[in-house]
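Residue-level listing of the chains:
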Amino acid sequence: PNRAFVLTAKALGGNAWEVAGRIWYETLLQLNSSSQFVDCARISVQIAGGKQYGAGARKAVKAAWKKIGISV
């Protein structure tokens, strides 16, 4: 998840805590002790696709996960 975060933050540009950080924080709130990497990927893509982040964020998050070997 850390590498996917870095790739997302670079793709989105600006301060990492503004968009990528908020997406990851919201994702972490929805994970539980039995969550797997694929769960983190699925939830982060879902959150990034919300109205507040837009299609560009969803595309960046999905591409980041794909680059590290997890397709959503």
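Shown above is the structure to which this text applies.
So, here is what we can say about the structure in this document. (Residues numbered from 1 in each chain as written. Predicted model: local features only at pLDDT ≥ 70, side-chain atom pairs only at ≥ 80, totals over all residues. Heavy atoms only, no water.)

Attention shifts here to the overall build of the protein chain. Within the protein chain, the regular secondary structure consists of four helices and zero strands. The helix and strand sequence of the protein chain, counted from the amino end, reads α-α-α-α. Taking 11 Å as the expected radius of gyration for a compact globule of 72 residues, we find that the protein chain reaches 11 Å, a close match to that expectation. In terms of its C-alpha atoms, the protein chain occupies a principal-axis envelope of roughly 30 × 25 × 20 Å. A burial count over the protein chain gives 32% of its 72 residues as buried. Across the protein chain, contacts joining residues at least 24 apart in sequence account for 51% of those joining residues at least 6 apart. Only carbon and sulfur atoms are counted for the fraction: they give 54% of the accessible area of the protein chain, which is about 4,600 Å². (Helix = DSSP H or I, 4+ residues; strand = E, 2+ residues; numbered from the N terminus. Rg over C-alpha atoms; globule rule 2.2 N^0.38 Å. Buried < 20%, exposed > 50% of the residue type's maximum accessible area, 1.4 Å probe, protein only. Contact = heavy atoms within 4.5 Å. Areas by Shrake-Rupley, 256 points an atom, 1.4 Å probe, with all protein chains shown as cover.)

Our focus in this paragraph is the environment of Arg-22. Mapped onto the elements, Arg-22 comes out in helix H2 (residues 20-30). Between the C-alpha atom of Arg-22 and that of Ile-47, which follows or precedes it by 25 residues, the distance is 9.5 Å. Beyond its immediate stretch of four places on either side in the chain, Arg-22 contacts Trp-17, Gln-52 and Tyr-53.

The subject of this paragraph is the pattern of salt bridges. Throughout the structure, instances matching the rule amount to one salt bridge. Close ionic contact of Arg-42 with Asp-39 constitutes a salt bridge, the shortest N to O distance being 3.8 Å. Taken together, the residues Arg-42 and Asp-39, both in helix H3 (residues 37-48) and three residues apart, mark about one turn of the helix. When its relative accessible area of 21% is taken as the criterion, Asp-39 is described as partly exposed. (Salt bridge = Lys/Arg side-chain N within 4 Å of Asp/Glu carboxyl O.)

Turning next to the nonpolar core. Core analysis: the biggest nonpolar cluster contains 16 residues, and Ile-23, Trp-24, Val-61 and Trp-65 have the highest contact counts within it. Contributions of two or more residues to this core are made by helix H1 (2-12), H2, H3 and helix H4 (55-67). Considering every element that reaches this core, the biggest residue donor is H3, with six residues. Those residues in contact with Ile-23, other than ones at most four positions away along the chain, are Ser-44, Ile-47, Ala-48, Tyr-53, Ala-57 and Val-61. (Core = buried A, V, L, I, M, F, W, Y, C linked by side-chain atoms within 4.5 Å.)

What characterises a pair of aromatic rings is the spacing of the ring centres plus the angle enclosed by the ring planes. Evaluated as defined, the whole model comprises two aromatic pairs. Residues Trp-24 and Trp-65 carry aromatic rings whose centres are separated by 6.2 Å and whose planes lie at 5° to one another, so their mutual orientation is stacked. In this pair, Trp-24 is assigned in helix H2 and Trp-65 in helix H4, connecting sequence segments 41 residues apart. In this pair, the class of Trp-24 matches that of Trp-65, namely buried. Aromatic ring contacts, followed pair by pair, group Phe-5, Trp-24 and Trp-65 into a single cluster. (Phe/Tyr/Trp six-rings, centres within 6.5 Å; stacked < 30°, edge-to-face > 60°.)

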